[in-house]
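Residue strings, one per chain:
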Amino acid sequence: DFRAAIKHAPAAYTRWWRRLLRDEPHHVAVETLLIVFLAYVLLGGKRKPKRTSEKLTDKEIDALVQEWAPEPLVPPPSDAAKALANRRRVVA
């Protein structure tokens, strides 16, 4: 009967929880920490970084762009890599 199952569900859940806590306390601890972390992430909200009220002028932006030098995505090849590249034969 559905009504009887609903009526006995809280007691059955309590028994199951106590048995799980008794048999596998580490499992319960890890799950509890994960649930707390998930609640913190979901309910904590996103924190926006504080923005400075100072805006750069066009002259300052141009100066920053002029002095900016991009870093290479890959380091320059070593001597060993150059030697290896020179030994390879390319078949066309």
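This text goes with the structure placed above it.
Residues numbered from 1 in each chain as written. Predicted model: local features only at pLDDT ≥ 70, side-chain atom pairs only at ≥ 80, totals over all residues. Heavy atoms only, no water.

Draft legend 1. Just the overall build of the protein, in detail. The helix and strand tally for the protein stands at 4 helices and 0 strands. From first element to last, N terminus to C terminus, the protein shows the α and β order α-α-α-α. Taking 12 Å as the expected radius of gyration for a compact globule of 92 residues, we find that the protein reaches 32 Å, considerably beyond that expectation. Principal-axis analysis of the C-alpha atoms places the extent of the protein at approximately 80 × 55 × 30 Å. (Helix = DSSP H or I, 4+ residues; strand = E, 2+ residues; numbered from the N terminus. Rg over C-alpha atoms; globule rule 2.2 N^0.38 Å.)

Draft legend 2. The packing of aromatic side chains, seen in detail. Evaluation of the coordinates by the stated rule reveals 3 aromatic pairs. Summarising the aromatic geometry, the rings of tryptophan 16 and tryptophan 17 are spaced 6.0 Å apart at their centres and angled 45° between planes, so their arrangement reads as tilted. Given a relative accessible area of 43%, tryptophan 16 falls into the partly exposed group. Given a relative accessible area of 33%, tryptophan 17 falls into the partly exposed group. Of the aromatic side chains, those joined through ring pairs into one cluster are Tyr13, Trp16 and Trp17. (Phe/Tyr/Trp six-rings, centres within 6.5 Å; stacked < 30°, edge-to-face > 60°. Buried < 20%, exposed > 50% of the residue type's maximum accessible area, 1.4 Å probe, protein only.)

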